[in-house]
Amino acid sequence: MEKLKIVEYPHPALRYKARPVLTIDKSVRLQAGAMLEAMYANRGLGLAAPQVAYPFQLLVMNPTADPEHRDQERVCINPVIVDRKGSVEGEEGCLSFPGLYGKVRRARSVKVTAYDLNGREVEIDAVDLGARVLQHEIDHLKGELFIDKMGFWAKRGARDAVEEFERKYRKAQERGEIPPDVEIEKTLVSLAGAS
Ligand code: ZN
């Protein structure tokens, strides 16, 4: 599989509601492997499939961001948060908003059910950073972004950077480096319908 490109805001894939994975086949396994590679290459803690314009409920994560710590690595398919406890504010970034960080309030711990790459149902109890990464990535599968969840001051602080991402993106579209949104949306619909 060729190297995956992580899309940046406001790419339409980031607002597209991901479809459940119906069959865990070789293409899903290859996709997950390529996503892990892209995540480590960009020193991310997590990466959700919509961030590589793959409109399915698949995410990879490793709160250590260290490929030497494969034991901390997780691939989650069709994840659902079934329980959340506590509330804590913490700084977040996102590979689709390089260089932007802001405080987001999240549950301190979550219980998530998901499927692994072998099709086994797994239950994950995550706390602190692990819980934050899971919540951030699961939001991506719903087309929700951390800029939506920032508190008032963080949002305000991020405003100029967000507008700059939008400007840069539209300019790249004008130059023909990125296809028009309607074309991207068509591709997403046909990908999502293909499985
Ligand atoms: Zn993100």
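All values derive from a computational prediction rather than experimental measurement.

## Quick notes on the layout of surface pockets
So, point 1. Reported here for the largest pocket is a volume of approximately 540 Å³.
So, point 2. Lining the largest pocket are 24 residues; nearest its centre among them are K5, I6, V7, H11 and I178.
So, point 3. Listing elements by their share of the lining of the largest pocket, those giving two or more residues are α4 (152–174) and α5 (181–193).
So, point 4. When residues in the lining of the largest pocket are grouped by element, the largest group, four residues, is from α4.

## Details of the side chain of D116
So, point 1. Summarising the element assignment, D116 is placed in the loop between β6 (109–115) and β7 (121–127).
So, point 2. At 2.8 Å, the side chain of D116 and the backbone nitrogen of N118 are in polar contact.
So, point 3. For D116, the residues in contact, after removing those within four places along its chain, are I24, V75, I77 and V122.

## A closer look at the side chain of S96
So, point 1. Locating S96 in the fold gives a position in the loop between β4 (88–92) and β5 (102–106).
So, point 2. In this structure S96 comes out as buried when scored by relative accessible area, which is 0%.
So, point 3. Engagement of the side chain of S96 in a polar contact is seen with the backbone oxygen of V7, the distance being 2.8 Å.
So, point 4. For S96, the contacting residues outside a window of four places in its chain are I6, V7, E8, Y9, L14 and Q51.

## Some points on the state of the cysteines
So, point 1. This structure, assessed with the given rule, holds zero disulfides.
So, point 2. Left unpaired, C76 is separated from the closest cysteine sulfur, that of C94, by 17 Å.
So, point 3. By relative accessible area, which is 10% here, C94 ends up buried.

## With respect to helix α1 (residues 26–41)
So, point 1. Relative to the 22 Å expected for 16 residues at 1.5 Å per residue, α1 spans 22 Å between its end C-alpha atoms, a close match to the ideal helical length.
So, point 2. Residues of α1 that are buried: V28, Q31, A32, A34, M35, L36, A38, M39 and Y40.
So, point 3. On its buried face, α1 sits against β1 (46–48), β2 (58–61) and β3 (74–85).
So, point 4. Within two residues after α1, R43 carries a phi angle of roughly 55°, on the positive side.

## Brief notes about the pattern of salt bridges
So, point 1. Within the structure shown, the criterion is met by 17 salt bridges.
So, point 2. When the shortest N-O distance is used, the salt bridge between D139 and R106 registers 2.7 Å. Remark: R106 occurs in strand β5 and D139 occurs in helix α2 (residues 129–141); sequence separation between them is 33 residues.
So, point 3. With relative accessibility at 5%, the residue D139 sits in the buried group.
So, point 4. Each of the salt bridges in this network shares a partner with another, and the network as a whole consists of E92, R106, R132, D139, K142, E144 and K149.

## Side note on the coordination of the zinc ion
Around a metal, the perfect tetrahedron of four donors has angles of 109.5 degrees, and the perfect octahedron of six donors has angles of 90 or 180 degrees.
So, point 1. Here the zinc ion is held by C94 (SG), H136 (NE2) and H140 (NE2), and the distances to it run 2.0 to 2.2 Å.
So, point 2. For the zinc ion, all donor residues lie on one chain, and their spacing in sequence is C-x41-H-x3-H. Pair noted here: C94 is in the loop between β4 and β5 and H140 is in helix α2, with a separation of 46 residues, a long-range link.

## Some thoughts on the sheet that holds β7
So, point 1. Pairing in this open sheet of five strands is antiparallel, and the strands run β1-β2-β3-β6-β7 from one edge to the other. Two strands bound the open sheet, and with one partner strand each, they are β1 and β7. With strand direction ignored, the average angle separating the axes of adjacent strands in the sheet is 40°.
So, point 2. In the sheet, β3 pairs with β6 via six bridges, with the strands oriented antiparallel. Bridging from a neighbouring strand, R84 pairs with V110 of β6.
So, point 3. α1 contacts β1, β2 and β3 of the sheet and is inclined by roughly 40° relative to β2.

What counts, and at which threshold
- Numbering of residues starts from 1 in each chain and follows the order in which that chain's sequence is written.
- Where totals are concerned, whole chains, interfaces and linings use all residues; where local detail is concerned, this predicted model gives features only for residues with pLDDT of at least 70, and gives and counts side-chain atom pairs only at 80 or more.
- Working from all heavy atoms in the structure, the side-chain values ignore hydrogens and water.
- Definitions used for this entry: grid spacing 1 Å over protein atoms alone; cavity, a set of points where a 1.4 Å probe fits but cannot get out; pocket, an open set with protein on both sides within 12 Å along at least 5 of 7 lines; lining residue, one with an atom within 4 Å of a point.
- Grid points are joined across faces, edges and corners, and a volume is the space filled by probe spheres set on the points.
- Counting from the N terminus, the helices are DSSP H or I runs at least four residues long and the strands are E runs at least two residues long.
- Residues adjacent in sequence count toward polar contacts only when both atoms are side-chain atoms; beyond that, a polar contact is any pair of N or O atoms within 3.5 Å, and within protein one must be able to donate a hydrogen and the other to accept it.
- When checking whether two residues touch, look at their non-hydrogen atoms; a contact exists if any pair is within 4.5 Å.
- Exposure categories follow from relative accessible area, calculated using a 1.4 Å probe and restricted to protein chains: below 20% of the type maximum is buried, above 50% is exposed, and the middle band is partly exposed.
- Any two cysteine sulfur atoms within 2.5 Å of one another count as a disulfide.
- To estimate how far a helix should extend, the number of its residues minus one is multiplied by 1.5 Å.
- In what follows, salt bridge is the name for a side-chain nitrogen of Lys or Arg lying within 4 Å of a carboxyl oxygen of Asp or Glu.
- Here the coordinating atoms are restricted to nitrogen, oxygen and sulfur within 2.8 Å of the metal centre, or 3.2 Å for Na, K and Ca, and because water is not among them the sites may look incomplete.
- At least two DSSP bridges between two strands are required for those strands to pair.
- With axes taken as lines fitted to C-alpha atoms, and helix axes fitted only over the stretch in contact, angles between N-to-C directions fall between 0 and 180 degrees.

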